[in-house]
Amino acid sequence: MDRFSLRLYYSSMMIYIFGSITLILYTLIIKPIALMYHEPISQMTSPVFGNYGRYLFSLEAFTLIVMIASLVLYGISMYHNHTRNGKVSMRTIIAPLILYVFAFALLGVSGF
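Residues numbered from 1 in each chain as written. Predicted model: local features only at pLDDT ≥ 70, side-chain atom pairs only at ≥ 80, totals over all residues. Heavy atoms only, no water.

Undergrad: Please explain unusual backbone geometry as it appears in this structure.
TA: What is expected of a backbone is that most residues other than glycine have negative phi and most peptide bonds are trans. Positive phi, close to 55°, is recorded for Asn 85, a residue that is not glycine. Relative to the helices and strands, Asn 85 resides in the loop between helix H2 (52-83) and helix H3 (90-109). The exposure class assigned to Asn 85 is exposed, which follows from its relative accessible area of 67%. (Helix = DSSP H or I, 4+ residues; strand = E, 2+ residues; numbered from the N terminus. Buried < 20%, exposed > 50% of the residue type's maximum accessible area, 1.4 Å probe, protein only.)

Undergrad: How should a nonpolar patch on the surface be read in this particular structure?
TA: Taken together, the side chains of Ile 24, Leu 25, Leu 28, Ile 29, Ile 33, Met 36 and Tyr 37 define a hydrophobic patch exposed on the protein surface, amounting to about 680 Å² of accessible area. By the secondary structure assignment, Tyr 37 is in the loop between helix H1 (3-36) and strand E1 (45-46). (Patch = residues over 30% accessible without salt bridge, like charges linked within 9 Å, V, L, I, M, F, W, Y side chains within 5 Å. Areas by Shrake-Rupley, 256 points an atom, 1.4 Å probe, with all protein chains shown as cover. Salt bridge = Lys/Arg side-chain N within 4 Å of Asp/Glu carboxyl O.)

Undergrad: Looking at this structure, how should I read H3?
TA: At 3.6 residues per turn, the α-helix brings residues three or four places apart onto the same side. Compared with the 28 Å implied by 1.5 Å per residue over 20 residues, the 28 Å span of H3 between its first and last C-alpha is a close match. Along H3, the positions that sit buried rather than exposed are Pro 96, Tyr 100, Ala 103, Leu 106 and Leu 107. The buried residues of H3 occupy one face: seen down the axis, they fall within an arc of 130°. The exposed residues of H3 that point more than 90 degrees off its buried face are Met 90, Arg 91, Ile 98, Val 101 and Val 109. (Expected span 1.5 Å × (residues − 1). Arc of directions from axis to C-beta.)

Undergrad: How should the nonpolar core be read in this particular structure?
TA: Looking at soluble globular proteins, one finds that nonpolar side chains tend to be buried together. In this structure, Leu 23, Ile 30, Ile 41, Tyr 52, Leu 56 and Tyr 74 are the most contacted members of the largest nonpolar core, which totals 21 residues. For this core, the elements supplying multiple residues, two or more each, are H1, H2 and H3. Among the elements that line this core, the one with the most residues is H2, at eight residues. Non-local contacts of Ile 30, meaning those with residues more than four positions away in its chain, are made with Leu 25, Tyr 52, Tyr 55, Leu 56 and Leu 59. (Core = buried A, V, L, I, M, F, W, Y, C linked by side-chain atoms within 4.5 Å. Contact = heavy atoms within 4.5 Å.)

Given below as structure tokens:
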């Protein structure tokens, strides 16, 4: 892998790590707790976040945007490496794809 492709690849993984924090926060902590209440989420208010439904939507949208940006950077790095005839191990290609499948499946299950 040449230097530019490597930087793009690592940048996509750093963005994925940042996005996974909001992914876990949304799908495993905040959304299940909000669903446990017997009140509609759109009518709930929080002293910190204001309208809870709007906060959940913006957190979900932010997570989706960050994950898509990371996926695009990963695709560009693999394409750039392919055009330069660089060698990449199969683990380097498959591991992020498994992470992306897990992230988008988790977003889909959580109610997207």
